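Commentary on secondary and tertiary structure
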Number of protein chains: 2
Amino acid sequence: MDFQQDPRALLRARTPGGLARGPVDVDPDATPGYPGGKAEGEATLEARAERLTQLQELLYANGVAGSVDAAGHGRSLLLVVQAMDTAGKGGIMRHVVGAMDPQGVEDAAFKAPTDEERSHHFLWRIRPHVPPAGFVGVWDRSHYEDVLIHRVRGLTPVPEIEQRYAEIREFEQELVQRGTRVLKVMLHLSKDEQQDRLAERLDRPDKFWKYHPSDVDERVYWDEYMEAYRIAIAETDTDQTPWYIVPANRKWYSRIAVQELVISALEGLDLEWPPAGFDIGAEKRRLAAS
Amino acid sequence: MDFQQDPRALLRARTPGGLARGPVDVDPDATPGYPGGKAEGEATLEARAERLTQLQELLYANGVAGSVDAAGHGRSLLLVVQAMDTAGKGGIMRHVVGAMDPQGVEDAAFKAPTDEERSHHFLWRIRPHVPPAGFVGVWDRSHYEDVLIHRVRGLTPVPEIEQRYAEIREFEQELVQRGTRVLKVMLHLSKDEQQDRLAERLDRPDKFWKYHPSDVDERVYWDEYMEAYRIAIAETDTDQTPWYIVPANRKWYSRIAVQELVISALEGLDLEWPPAGFDIGAEKRRLAAS
């Protein structure tokens with residue numbers, strides 16, 4: 001079963017009219033554009049994985065061949081995944097990202113910064129992870145932490161946070177100009193669903209390691225986080241660096257939605273298989289003789 | 001369908017009697033220990049992926065929890081994959097490694113060294129990729145290139161190559177002592193099968209990018225490569241840092257064989273789910289109130 005409508009149109013944070021939606025405007029239980037349930041969704045995830053890997057191989061092939069866009073830059077894709085704890089980032093990594101060839105994927109997980117990282121500009125630890133030509137970069141959390149938790153917990157004064165939005169816009173625009181497609185996703189779950197998922201971690205010995213008392217500390221600021229997301233999204237969503245708010249109470253839905261967003265982004269690169277960089281006939285003869 | 005015999009025993013380069021086998025002693029068409037064919041093999045790959053991911057999550061959980069072995073070291077696993085071109089390294093990465101959670105896997109592909117890398121000791125570019133506690137490191141080529149292509153093409157004088165075997169033994173022993181399990185695999189295909197696979201790359205526009213004229217240049221030295229592998233394996237196989245020679249003319253077989261070797265290695269770590277590092281009852285109450 002396929003999506004009946006393009007998830008890009010349904011999930012984009014900014015409406016065609018230009019209004020920026022925040023997470024509170026999105027029902028975390030919904031399954032926009034997809035008429036099926038869990039069983040169909042899981043089948044779709046598997047069925048579409050082939051298309052995803054094919055497109056990713058095409059991107060990688062172009063990277064290896066050194067092909068460039070009109071401006072002379074190699075192409076790459078950056079997927080930024082932001083979410084409250086337990087929203088399913090890990091599942092996206094395993095089930096969507098994991099289907100791609102790991103050789104062409106560069107994952108980066110941005111945890112609480114080290115002292116050294118803290119002593120630098122907030123983009124300092126981010127820049128080395130920009131995907132090179134041919135690669136899909138996947139960021140589990142990102143530079144957005146510096147305007148989310150920093151805003152909510154007052155780690156940085158508000159005027160400086162405001163300045164950071166501009167710096168983020170500039171940074172991402174720079175990526176776009178250098179050939180990187182930028183795709184930003186917020187997995188949006190409900191506060192109640194998070195409580196259920198955290199409770200499960202406290203009930204199962206094989207899940208204890210995933211639980212941190214700090215998860216509850218942050219949960220207390222739920223509404224403030226939603227507001228910080230709303231502002232960050234409104235400030236940094238552009239047509240070239242779009243944000244998508246993906247309902248995440250149903251894990252199967254968020255996975256196929258993100259999968260489809262990545263497929264669309266890769267299709268949008270309009271790539272072709274690079275031509276042979278050698279004389280095919282001569283190589284056939286050389287090979288046959290070897 | 002399961003393996004009928006432990007692939008570790010069947011594929012280990014060194015026999016129980018202590019003799020080191022080289023690739024020429026192994027039939028690349030064989031499917032040791034596995035009674036089924038391609039269809040069964042593909043089903044086995046999928047069925048066993050769950051066990052593999054479970055064990056990898058267990059390793060990752062122990063890394064997150066900071067648990068250590070008797071000597072006080074965190075545990076990790078290193079899988080080294082060496083092979084002639086077209087032997088199927090990419091397929092191992094996609095179909096075996098790709099099933100694991102990418103967040104807990106660190107891939108490294110070692111291509112021809114850069115000028116800077118060449119100016120350092122041959123292990124200089126390798127060391128930063130040793131998997132940290134909790135991680136599975138997967139190396140697509142490795143420090144063994146420095147005793148394989150270097151021996152075959154005379155890039156390094158033989159006495160220095162001989163010295164490198166000792167340095168490799170010492171390096172890998174050091175990894176073992178610091179808690180890293182080391183597993184080395186040579187994917188072994190026949191020279192004829194390589195010719196067929198290279199010919200396919202020259203016949204399909206979507207495969208051109210995988211073909212390099214240098215593949216034929218190296219192919220000319222096939223017998224010298226087999227001998228360089230034999231020596232390198234004999235010099236560096238130890239019970240703690242074993243080599244396995246995996247028949248690779250049938251891709252489905254090499255994949256389930258490597259999958260099973262990784263599963264056994266992870267099982268050998270004998271890990272348990274780490275205990276909660278917090279007061280479970282107190283956290284349940286705090287969560288319920290949040």
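Residues numbered from 1 in each chain as written. Chains lettered and ligands numbered in written order. Predicted model: local features only at pLDDT ≥ 70, side-chain atom pairs only at ≥ 80, totals over all residues. Heavy atoms only, no water.

1. Points about a negative patch on the surface
- On the surface, a cluster of negative charge is contributed by Glu 106 and Asp 107 of chain A together with Glu 106 and Asp 107 of chain B.
- Elements that contribute at least two residues to the negative patch include exactly β2 (105-109) of chain A together with β2 (105-109) of chain B.
- In this structure, Asp 107 of chain A sits in strand β2.
- The exposure class of Asp 107 of chain A is partly exposed, given its relative accessible area of 34%. (Patch = residues over 30% accessible without salt bridge, like charges linked within 9 Å, V, L, I, M, F, W, Y side chains within 5 Å. Areas by Shrake-Rupley, 256 points an atom, 1.4 Å probe, with all protein chains shown as cover. Salt bridge = Lys/Arg side-chain N within 4 Å of Asp/Glu carboxyl O. Lys, Arg positive; Asp, Glu negative; His and termini not counted. Charge placed at Lys NZ, Arg CZ, Asp CG, Glu CD. Helix = DSSP H or I, 4+ residues; strand = E, 2+ residues; numbered from the N terminus. Buried < 20%, exposed > 50% of the residue type's maximum accessible area, 1.4 Å probe, protein only.)

2. Description of the sheet that holds strand β1 (residues 76-83) of chain B
Residue and element names in this part refer to chain B.
- On the basis of which strands lie adjacent, the open sheet formed by five strands has the order β2-β3-β1-β4-β5 and parallel pairing. Each of the sheet's edge strands pairs with one partner strand only, and the pair in question is β2 and β5 (243-247). The average angle at which neighbouring strand axes cross in this sheet is 20°, direction not considered.
- Looking at chain direction, β1 and strand β4 (residues 180-188) are connected through eight bridges and run parallel. Residue pairing in the sheet places Ala 83 in a bridge with Leu 187 of β4.
- Along the sheet, helix α6 (residues 158-177) makes contact with β1, β3 (136-140) and β4, crossing β4 at roughly 135°. (Pairing = 2+ DSSP bridges. Axes fitted to C-alpha atoms, helices over the stretch in contact; angles between N-to-C directions. Contact = heavy atoms within 4.5 Å.)

3. Some remarks on the packing of helix α2 (residues 38-65) of chain A against helix α10 (residues 251-267) of chain A
All names here are of chain A.
- Contact pair α2 / α10: the axes reach a minimum separation of 9 Å and the direction vectors enclose 25°. Compared by their axis directions, α2 and α10 come out roughly parallel. Judged by the twist between their axes, the crossing of α2 over α10 is left-handed. Here Lys 38, Gly 41, Glu 42, Thr 44, Leu 45, Arg 48, Ala 49, Arg 51, Leu 52, Leu 55, Gln 56 and Leu 59 of α2 lie close against α10, whose contacting residues are Trp 252, Arg 255, Ile 256, Gln 259, Glu 260, Val 262, Ile 263, Leu 266 and Glu 267.
- Among the residues making up the contact of α2 with α10, the classes are represented as 10 nonpolar, four polar and seven charged. (Parallel < 35°, antiparallel > 145°, perpendicular 65-115°, else oblique. Left-handed = near helix turned anticlockwise from the far one by under 90°. Nonpolar A, V, L, I, M, F, W, Y, C, P; charged D, E, K, R; others polar.)

4. Quick word on the interface of chain B and chain A
- Each partner contributes residues to the interface: chain B has 44 residues there, and chain A has 44 residues.
- Regarding the contact of chain B and chain A, the summed buried area is about 4000 Å², with carbon and sulfur atoms giving 63% of it.
- In this assembly, chain B and chain A are joined by six salt bridges.
- Between Arg 286 of chain A and Asp 217 of chain B there is a salt bridge, and its shortest N-O distance comes to 3.0 Å. (Buried area = accessible area lost by both parts, 1.4 Å probe.)

5. Things to note about the relation of the copies chain B and chain A
- You can overlay chain B on chain A at an RMSD of 0.0 Å; the transform is a turn of 180° with a shift of 0.0 Å along its axis. Expressed as an axis order, the relation between the two copies is that of a two-fold axis. Looking at the rotation axis and the C-alpha trace of chain B, the residue lying nearest is Gly 98 of chain B, at 2.8 Å.
- Looking at the interface residues of chain B, 100% of them are also at the interface in chain A, so both copies use one shared face. (Least-squares fit on C-alpha atoms with pLDDT ≥ 70 in both.)

6. Examining the packing of aromatic side chains
Residues and elements named next belong to chain A.
- Inspection of every chain in the model, using the stated rule, returns 20 aromatic pairs over all chains.
- Judged by centre distance (6.1 Å) and plane angle (85°), the rings of Trp 252 and Tyr 253 are edge-to-face. With respect to burial, Trp 252 and Tyr 253 carry one shared label: buried.
- Among the aromatic side chains, those forming a connected cluster through ring pairs are Phe 3, Tyr 34, Trp 252 and Tyr 253.
- Across the ring face of Phe 122, the terminal group of Arg 164 is positioned such that the distance to the ring centre comes to 4.8 Å. (Phe/Tyr/Trp six-rings, centres within 6.5 Å; stacked < 30°, edge-to-face > 60°. Lys NZ or Arg CZ within 6 Å of the ring centre and 35° of its normal.)

7. With respect to the pattern of salt bridges
- Evaluated as defined, the whole model comprises 54 salt bridges over all chains.
- In this structure, Asp 115 of chain B engages Arg 118 of chain B in a salt bridge whose closest nitrogen and oxygen atoms are separated by 4.0 Å. Pair noted here: Asp 115 of chain B and Arg 118 of chain B are both in helix α4 (residues 115-118), with a separation of three residues, about one helical turn. Neither residue differs from the other here; Asp 115 of chain B and Arg 118 of chain B are each classed as exposed.
- Bridged by salt links that share partners, the residues Arg 12, Arg 14, Asp 237 and Asp 239 of chain A form one connected network.

8. Some words on the sheet that holds strand β3 (residues 136-140) of chain A
Residue and element names in this part refer to chain A.
- The strand order across the open sheet built from five strands is β2-β3-β1-β4-β5, with neighbouring strands paired in parallel fashion. Two strands bound the open sheet, and with one partner strand each, they are β2 and β5 (243-247). Strand-to-strand, the axes of this sheet are offset by a mean angle of 20°, without reference to chain direction.
- Pairing of strand β4 (residues 180-188) with β5 involves five bridges; the strand directions are parallel. Its bridge partner being in β5, Val 185 is matched across the sheet by Tyr 244.

9. Some points on the nonpolar core
Residues and elements named next belong to chain A.
- Formed by 74 residues in total, the largest nonpolar core has its most connected members in Trp 139, Leu 187, Val 246 and Tyr 253.
- Examining the composition of this core, we find that 10 residues originate from one element, α10, more than from any other.
- The contacts of Val 246, once residues within four sequence positions are left out, are Leu 11, Val 185, Met 186, Leu 187, His 188, Tyr 253, Ser 254, Ala 257, Val 258 and Leu 261. (Core = buried A, V, L, I, M, F, W, Y, C linked by side-chain atoms within 4.5 Å.)

10. Quick look at the packing of helix α11 (residues 280-289) of chain A against helix α7 (residues 191-203) of chain B
- Orientation of α11 of chain A relative to α7 of chain B, taken along the N-to-C sense of each, is 170°, at an axis distance of 10 Å. Viewed along their axes, α11 of chain A and α7 of chain B adopt a mutual orientation that is roughly antiparallel. Residue-level inspection shows Ile 280, Glu 283, Lys 284, Leu 287 and Ala 288 of chain A of α11 of chain A in contact with α7 of chain B, the latter providing Gln 195, Leu 198, Ala 199, Leu 202 and Asp 203 of chain B.
- Here the residues of the contact of α11 of chain A with α7 of chain B are counted per class, giving six nonpolar, one polar and three charged.

The quantities given are spatial measurements derived from coordinates; they are silent on function.
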